[in-house]
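# An overview of the molecular structure
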Amino acid sequence: MEDGLFPATRHALLHRIATAQAQGRAPSVVGAVVRDGSPAWVGARSCVDGHQPDGDTQYRIGSISKTFVAVQVMRLRDEGRLDLADRLDGHLPGTAVGDARIGELLAHTAGLASESAGVWWERVPGPAALSEALGDDPMRQPAGHRFHYSNPGYAVLGALVSHLRGESWGASLQREILTPLGMTRTTLMPTEPHAGGWAVHPWADVMLPEPSEDAGPMAPAGQLWSTALDMSRWATLLTAGHPAVLAASTLEEMRALAAPGDRTGGYGLGLQILYDGDRTLVGHGGSMPGFLATVWTSVDERLSGIVLANTTAGLNIGGLAADLVRIVAEHEPPLPLPWRPLPEVDDELLALTGLWYWGPTPFGLSLLADRGLELKPLGDAGRASRFRASSDGAWVGLDHYYAGERLRLVRDAAGAVSHLDVGTFVFTRTPYDAAAPVPGGVDPEGWRGLSG
């Protein structure tokens, strides 16, 4: 359970959890740290003497369920079943929000209401149908105008997954994600051992049990139960991807800001983003009556913090999970991964590497894993981006200026690569190569000195 952490680190982690449980007056708190893809520490505190939860105790994880839905949708995108720019009704007809774009639903920018129609959905049995959850007036903002967190938006995405997969959302989740990842303790309804959900009185040290109902069509917004050890597997997926579930490049796309953010963070495609000092954390928080949960991962440091608690309020659980990451990073800074050569060499791609010019500006093109490419300026100015290989023989930008733009190899009549086309920009092997179709042409007299 404790993968080589120093005793001082383990004590600091337990102290942080114990302080949070005591000061937050939580019935119980479980914390976990994942390092390099493996659980490095699990600790807990409880109000019951001699009986505390462990890494196998289930808690309701609330809106962390949305990250599972987002992965399911991105799997469909990667399979070519849908595009993030598609209207919902092109794939799921008959809803009251058919004009919504799939990517906007993922990023909470589609303008849907925050909560389902009717009563407080989290404490009662779920509505009979998605239409009942959406109600007659589900829109609150113009689509694409601003970030507006929406639980019904993820109910819609869960219904989309069910429709395209031809099975219930839960069955699809089990088959596509939970089974491949070995998450045997993540379920739609609780299974023993599990914590009970409690509300703690704000002015007295007394508790009230909270109801725990099946959310029905709202389940994708917050239904799931899980454990610290299962969430460790999920944190690893969010950090590095998994060959049977989702590619690392797609996870990277999900971790990029997709909705307007501020100095504290923002929202990607189904993932929350937190700026914690110089550290960027991605993951999600969750709350349901009687439960709070958070998973944060620092991708660069290969560290994740997980916190589960069975209280309705009173804990800054997101800050607590971030603290677990910070404690390990400060006590035991992660070592860089060892350099390793690529597993195989593609001679054609290898021949593309090296110096290219956009006009007079020199760039270096490097070959990455999985046929990826990186284009970087050699000076202080210029636009750098990484590109993932596409099935059509081009590459798609992953970050910065060229995110989403296409890099294409353009060949001459003999079949040799004459230049690169990157979002219409022409990159040549020599500055302003007159033999390439440089937009606007190249002066036929060529380069000249001052006297020319």
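Placed above this text is the structure.
Residues numbered from 1 in each chain as written. Predicted model: local features only at pLDDT ≥ 70, side-chain atom pairs only at ≥ 80, totals over all residues. Heavy atoms only, no water.

Right, let's get into the overall build of the chain. Helix and strand counts for the chain come out as ten helices and 20 strands. Since a compact globule built from 452 residues should have a radius of gyration of about 22 Å, the 25 Å found for the chain is in line with a globular shape. A principal-axis box enclosing the C-alpha atoms of the chain has dimensions of 90 × 55 × 40 Å. Here the chain, with 452 residues, has 48% of them falling under the buried criterion. Considering only contacts within the chain whose residues lie at least 6 apart along the sequence, 59% involve residues at least 24 apart. Put simply, the chain shows about 20900 Å² of open surface, and 54% of that area lies on carbon and sulfur atoms. (Helix = DSSP H or I, 4+ residues; strand = E, 2+ residues; numbered from the N terminus. Rg over C-alpha atoms; globule rule 2.2 N^0.38 Å. Buried < 20%, exposed > 50% of the residue type's maximum accessible area, 1.4 Å probe, protein only. Contact = heavy atoms within 4.5 Å. Areas by Shrake-Rupley, 256 points an atom, 1.4 Å probe, with all protein chains shown as cover.)

Proximity of charged atoms lets side chains of opposite charge pair with each other. The full count for this structure, using the stated rule, is 27 salt bridges. The partner of Glu332 in a salt bridge is Arg35, and the shortest N-O contact between them spans 3.0 Å. Residue Glu332 is found in the loop between α9 (317–331) and α10 (347–352), and its partner Arg35 is found in strand β1 (residues 28–35); the two are separated by 297 residues along the sequence. Between Asp56 and Arg185 there is a salt bridge, with its nearest N and O atoms 3.1 Å apart. With a gap of 129 residues between them, Asp56 in the loop between β2 (38–46) and β3 (59–60) and Arg185 in the loop between α6 (169–181) and β4 (198–200) connect regions that are remote in the sequence. The class of Arg185 is buried, set by a relative accessible area of 12%. A cluster of three or more residues bridged by salt bridges with shared partners is formed by Arg16, Asp323, Arg326 and Glu330. (Salt bridge = Lys/Arg side-chain N within 4 Å of Asp/Glu carboxyl O.)

Here the focus is the side chain of Glu176. Assignment of secondary structure puts Glu176 in helix α6. At 3.2 Å, the side chain of Glu176 and the side chain of Arg165 are in polar contact. Separated by 2.2 Å, the side chains of Glu176 and Ser172 make a polar contact. Not counting the four nearest positions on each side in its chain, Glu176 is found in contact with Gln72, Arg75, Arg165, Ala244 and Val245. (Polar contact = N/O pair within 3.5 Å; in protein donor to acceptor, adjacent residues only side chain to side chain.)

A few words now on the packing of helix α1 (residues 7–24) against α9. Viewed as axis vectors pointing N to C, α1 and α9 meet at an angle of 160°, and their least axial separation amounts to 10 Å. On the basis of their axis angle, the class for α1 and α9 is roughly antiparallel. Along this stretch, α1 crosses α9, giving a crossing that reads as right-handed. Each of Ala8, Thr9, Ala12, Leu13, Arg16, Ile17 and Ala20 in α1 lies in contact with α9, whose residues at this interface are Leu320, Asp323, Leu324, Ile327, Val328 and His331. (Axes fitted to C-alpha atoms, helices over the stretch in contact; angles between N-to-C directions. Parallel < 35°, antiparallel > 145°, perpendicular 65-115°, else oblique. Left-handed = near helix turned anticlockwise from the far one by under 90°.)

We now examine the packing of aromatic side chains. Under the criterion given, the structure shown has eleven aromatic pairs. Aromatic side chains Tyr59 and Phe291 sit 6.3 Å apart centroid to centroid with 90° between the ring planes, which places their arrangement in the edge-to-face category. With Tyr59 in strand β3 and Phe291 in strand β11 (residues 291–298), the pair connects residues that are 232 residues apart, well separated along the chain. Overall, the relative accessible area of 0% leaves Tyr59 in the buried class. Among the aromatic residues, ring-to-ring pairing joins Trp358, Phe387, Tyr401, Tyr402 and Phe425 into one connected group. Positioned above the aromatic ring of Trp120, the side-chain terminus of Arg123 is 5.6 Å from the ring centre. (Phe/Tyr/Trp six-rings, centres within 6.5 Å; stacked < 30°, edge-to-face > 60°. Lys NZ or Arg CZ within 6 Å of the ring centre and 35° of its normal.)

A cis amide bond links Glu192 to the next residue, Pro193, at an omega of -5°. The topology assignment puts Pro193 in the loop between α6 and β4. Positive phi outside glycine occurs at Asp36, with the angle close to 55°. Along the chain, the position of Asp36 falls in the loop between β1 and β2. Located in the positive-phi region is Arg371, a residue other than glycine, with phi close to 65°.

Time to look at the sheet that holds strand β14 (residues 361–367). Backbone-to-backbone hydrogen bonds join strands into a sheet, with any given pair of strands oriented parallel or antiparallel. If you trace the eight strands once around the closed barrel, you get β13-β14-β15-β16-β17-β18-β19-β20, paired in antiparallel fashion. When the angles between neighbouring strand axes are averaged without regard to direction, this sheet yields 30°. (Pairing = 2+ DSSP bridges.)

With that settled, consider the sheet that holds strand β7 (residues 259–262). Read from one edge to the other, the open sheet built from eight strands follows the order β2-β1-β12-β11-β10-β9-β8-β7, with strand pairing classed as antiparallel. Of all strands in the sheet, those with a lone pairing partner are β2 and β7, marking the two edges. The average angle at which neighbouring strand axes cross in this sheet is 15°, direction not considered.

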